Amino acid sequence: MTKVIGVRFRRAGKIYYFSPGKLEIHANDHVIVETARGVEYGHVVIGSKDVEDDKVVQPLKSVIRLATVEDDEQEDNNREKEREAFRICQEKIRKHKLDMKLIDAEYTFDNNKVLFYFTADGRVDFRELVKDLASVFKTRIELRQIGVRDETKILGGIGICGRALCCHTHQSEFLPVSIKMAKEQNLSLNPTKISGVCGRLMCCLKHEEDIYEELNSRLPNTGDHVSARDGSKGVVSSVNVLRQLVKVIVTLENEEKEIREYRVEELKFRPRRRKEKNSKRREEDKDLKNLEALERREGKSKLDDN
């Protein structure tokens, strides 16, 4: 077992492990650590704890020190400088007439580098812009092109649920999401209904996937032929996944039909019949596949490199 603390460098950012050494470090403390980008100021989200050795990326770097009042002041000063750097960079982008959208500016704690995050439809030749910015800031400049999901994670917003976006508030990393999850949860397969603010599949599709998979495994599918304990037979009309209830169209002795509702344990059923897709459904599937392809192409977040 290895003793570690968990540190974040941005809101809802990826959590990195560091060795606390002999320091007493608790959640919500601030620490100074050495990262791949240099010396950084981090927020402790996981206090000292023991984790299995195979879950720790070696070599495990140690915390340099707990943040002092001077460190806190420098961090606040960096935030102020970032706002000014953002304004200057926007002016330079307009000056060079570049087709790019600036999203954020970020100073490393030791001011060794300024990072500018931007989005663009294609590749952008920003070599002259970098030279211009370096002459202004007198430090290393990095321009990093990010995707729409990273843009949304930085800027935040309100989801269709009415709450702040998961990726901006608590979700450390983007979850792998697929169309299958929407189907499993019986959601509308209209791409506009299952896409988030970023235009990609909603991350929250993943949150309830496991429980829906378990509950759906106990249910028949719409169109299945079922028989009930009371001797009735019929075709499944609809299912209530969370309540585990099934509505069945039952044929009576006088050939009339009625809909009855049963608990799933009261039914016996066979596997679902394979259905042919109509042209409208094939068109919807094409749109969904395009959305899923965008999801895969975006890949991992470009924000985390500590």
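Just above, that's the structure.
Presented here is an overview of the structure given in this document. (Residues numbered from 1 in each chain as written. Predicted model: local features only at pLDDT ≥ 70, side-chain atom pairs only at ≥ 80, totals over all residues. Heavy atoms only, no water.)

**Digging into the overall build of the protein chain**
- When you go through the protein chain residue by residue, the secondary structure sums to 7 helices and 13 strands.
- Taking all 306 residues of the protein chain together, the buried fraction comes to 40%.
- In the protein chain, 60% of the contacts between residues at least 6 apart in sequence involve partners at least 24 apart.
- With the model as given, the accessible surface of the protein chain reaches about 18700 Å², and the carbon-plus-sulfur share is 48%. (Helix = DSSP H or I, 4+ residues; strand = E, 2+ residues; numbered from the N terminus. Buried < 20%, exposed > 50% of the residue type's maximum accessible area, 1.4 Å probe, protein only. Contact = heavy atoms within 4.5 Å. Areas by Shrake-Rupley, 256 points an atom, 1.4 Å probe, with all protein chains shown as cover.)

**What to know about helix 2 (residues 127-137)**
- For helix 2, the full list of buried residues reads Leu129, Asp132, Leu133 and Phe137. An end-on view of helix 2 places all buried positions within 120° of arc, on one side of the element. The exposed set on the far side of helix 2, more than 90 degrees from its buried face, consists of Arg127 and Lys131.
- Contacts from the buried residues of helix 2 go to helix 1 (69-96), strand 6 (101-107), strand 7 (113-119) and strand 8 (140-145).
- Lysine 138, located one to two residues past helix 2, shows a positive phi value of around 55°. (Arc of directions from axis to C-beta.)

**Some details on the sheet that holds strand 5 (residues 63-66)**
- Taken in spatial order, the 5 strands of this open sheet run 2-1-4-3-5, and their pairing is antiparallel. Since the sheet does not close on itself, it has two edges, and those belong to strand 2 (16-18) and strand 5, each with one partner. Strand after strand, the sheet turns through a mean of 45° between neighbouring axes, direction not considered.
- Judged from the 6 bridges that link them, strand 3 (residues 30-35) and strand 4 (residues 38-51) form a sheet pairing that is antiparallel. Bridge pairing in strand 4 places valine 33 opposite glutamate 40. (Pairing = 2+ DSSP bridges. Axes fitted to C-alpha atoms, helices over the stretch in contact; angles between N-to-C directions.)

**Quick word on helix 1**
- If you check helix 1, its first and last C-alpha atoms are 40 Å apart, about what 28 residues at 1.5 Å a residue would give, namely 40 Å.
- If you check which residues of helix 1 are buried, you get Asp71, Glu75, Asn78, Glu82, Ala85, Ile88, Cys89, Lys92 and Ile93.
- Just past helix 1, the residue lysine 97 takes up positive phi, approximately 55°. (Expected span 1.5 Å × (residues − 1).)

**Some points on the environment of aspartate 71**
- Structurally, aspartate 71 is set in helix 1.
- The exposure class assigned to aspartate 71 is buried, which follows from its relative accessible area of 5%.
- Considering only alpha carbons, one finds aspartate 71 and isoleucine 32, 39 residues apart in sequence, at a separation of 8.2 Å.
- Residues contacting aspartate 71, with those up to four places away along its chain left out, are Ile32, Tyr41, Arg65, Leu66 and Phe109.

So, to be careful, I would describe these as geometric facts and stop short of saying anything about function.
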